[in-house]
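Now for the letters of each chain:
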Amino acid sequence: MVKRNTWQRESVREALASNEGFVSAQSLHVQLREHGSSIGLATVYRALADLALEGEADSLQSPDGEALYRACSTGHHHHLICRRCGLTVEIAADDVEEWAGRVASEHGFTDARHVVDIFGLCAECSRFPPPPVPLGHPT
């Protein structure tokens, strides 16, 4: 079921499209409020969830467990995501597609689906040393 297009939903869609990488609902809410919107945080969460469900946004879970969203292109794709700056590149991965289908079939699975997000450091962020790890933090 496609939701009706309200000004709030359109505001969230436009704000999401203005970001290059993945963004949290809280960050998007702050961005909208800074531009004069009266939209509520719960509305931003609902709009993002709907956009992801309808295929207009990609969603992934950050290493900290937070849901992040990004306006996406159509069709199945994967992502390279910079852990430092959030730069995201959509990639095709034919080898992954073949492997996923083969492994699913070998185990008797049909209609297999998958998500592949590769986290690393982009070329720009690789030029700088990694931030120090806090004491007592597992490496």
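Residues numbered from 1 in each chain as written. Predicted model: local features only at pLDDT ≥ 70, side-chain atom pairs only at ≥ 80, totals over all residues. Heavy atoms only, no water.

(A) Structural context of the state of the cysteines. In this structure the tally under the stated criterion is zero disulfides. A disulfide-free cysteine, Cys82 has its sulfur positioned 3.6 Å from the sulfur of Cys125, the nearest such atom. For the unlinked cysteine Cys85, the closest cysteine sulfur is that of Cys82, found at 3.7 Å. (Disulfide = S-S within 2.5 Å.)

(B) View of the sheet that holds strand β4 (residues 78-82). With mixed pairing, three strands are arranged side by side in an open sheet as β5-β4-β6. The open sheet has two edge strands, β5 (88-91) and β6 (117-120), and neither has a second partner. Ignoring which end each strand starts from, the neighbouring axes of this sheet average 20° apart. Relative to β6, β4 runs parallel, the two sharing four bridges. In the strand pairing of β6, Cys82 is matched with Gly120. (Pairing = 2+ DSSP bridges. Helix = DSSP H or I, 4+ residues; strand = E, 2+ residues; numbered from the N terminus. Axes fitted to C-alpha atoms, helices over the stretch in contact; angles between N-to-C directions.)

(C) Fine view of the packing of helix α1 (residues 7-17) against helix α3 (residues 41-53). Contact geometry for α1 and α3: axes closest at 9 Å, N-to-C directions at 70°. Classified by the interaxial angle, the pair formed by α1 and α3 is roughly perpendicular. Seen from α1, the contacting residues are Gln8, Arg9, Val12, Arg13 and Leu16; seen from α3, they are Thr43, Val44, Ala47, Leu48, Asp50 and Leu51. Among the residues forming the contact of α1 with α3, the class breakdown is six nonpolar, two polar and three charged. (Parallel < 35°, antiparallel > 145°, perpendicular 65-115°, else oblique. Contact = heavy atoms within 4.5 Å. Nonpolar A, V, L, I, M, F, W, Y, C, P; charged D, E, K, R; others polar.)

(D) Layout of the pattern of salt bridges. Counted under the stated rule, the structure contains eight salt bridges. One salt bridge in this structure joins Arg9 and Asp50, with 3.7 Å as the shortest N-O distance. Here Arg9, found in helix α1, pairs with Asp50, found in helix α3; they are 41 residues apart in sequence, far enough to count as distant. Grouping residues by exposure puts Arg9 and Asp50 together as buried. Connected via shared salt-bridge partners are Arg9, Asp50 and Glu54. (Salt bridge = Lys/Arg side-chain N within 4 Å of Asp/Glu carboxyl O. Buried < 20%, exposed > 50% of the residue type's maximum accessible area, 1.4 Å probe, protein only.)

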